[in-house]
Amino acid sequence: VGYRRHRDTIPDDGSEENDARRITAITYTNPDWQPKDGGELRVWLSRKDHYGVVDIEPLPGRLVVFLSGLLDHEVRPSFAPRVALTSWMW
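A. Layout of the side chain of His73. Locating His73 in the fold gives a position in strand β6 (residues 73–75). Of the polar contacts made by the side chain of His73, one reaches the backbone oxygen of Leu71; its length is 3.0 Å. Discounting chain neighbours no more than four positions away, the residues touching His73 are Arg4, Arg5, His6, Arg7, Asp8, Leu41, Arg42, Val43, Trp44 and Phe66.

Written as structure tokens, this is what we have:
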């Protein structure tokens, strides 16, 4: 299982009338995760493909927080059970 490159919402215009997600928070709870298990969170630091790409391992207790409308990201294919608790804030 994985998710292709996307954003969690459209970019926020800052207005109070906008009910779009503003912040994404992901907590990982994978006590025995190994690199062979996959499921990394890949983030793009710019809009250009493969420029500024960072893979974040789903290590137990790791919290990742980012602006929902500004960060392109994907979940790499997973080859073992994996738990990620995702919350969105408005």
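B. Region of the structure containing the nonpolar core. Counting nine residues, the largest nonpolar core is built from Ile26, Tyr28, Leu41, Val43, Ile56, Val64, Phe66, Leu71 and Val75. Within the residue set of this core, elements represented by two or more residues are β2 (23–28), β3 (41–44) and β5 (63–67).

C. Inspection of a nonpolar patch on the surface at higher detail. A surface patch of nonpolar side chains, amounting to about 540 Å² of accessible area, comprises Ile23, Leu63, Val65, Leu67, Leu70 and Met89. In terms of residues, the nonpolar patch owes the most to one element, β5, which gives three residues. For Met89, the location among the structural elements is in strand β7 (residues 84–89).

D. Representation of the sheet that holds β5 in the model. Here three strands make up an open sheet; going across it, the order is β5-β2-β7 and the pairing antiparallel. The sheet is open, and its two borders are formed by β5 and β7, each paired with just one other strand. Recorded for the sheet is a direction-independent mean angle of 15° between the axes of neighbouring strands. As judged from the six bridges shared by β2 and β7, these two strands associate in the antiparallel manner. Pairing of Ile23 across the sheet is with Met89, part of β7.

Conventions adopted
Residues numbered from 1 in each chain as written. Predicted model: local features only at pLDDT ≥ 70, side-chain atom pairs only at ≥ 80, totals over all residues. Heavy atoms only, no water. Helix = DSSP H or I, 4+ residues; strand = E, 2+ residues; numbered from the N terminus. Polar contact = N/O pair within 3.5 Å; in protein donor to acceptor, adjacent residues only side chain to side chain. Contact = heavy atoms within 4.5 Å. Core = buried A, V, L, I, M, F, W, Y, C linked by side-chain atoms within 4.5 Å. Buried < 20%, exposed > 50% of the residue type's maximum accessible area, 1.4 Å probe, protein only. Patch = residues over 30% accessible without salt bridge, like charges linked within 9 Å, V, L, I, M, F, W, Y side chains within 5 Å. Areas by Shrake-Rupley, 256 points an atom, 1.4 Å probe, with all protein chains shown as cover. Salt bridge = Lys/Arg side-chain N within 4 Å of Asp/Glu carboxyl O. Pairing = 2+ DSSP bridges. Axes fitted to C-alpha atoms, helices over the stretch in contact; angles between N-to-C directions.

Function cannot be read off these values alone, since they describe shape.
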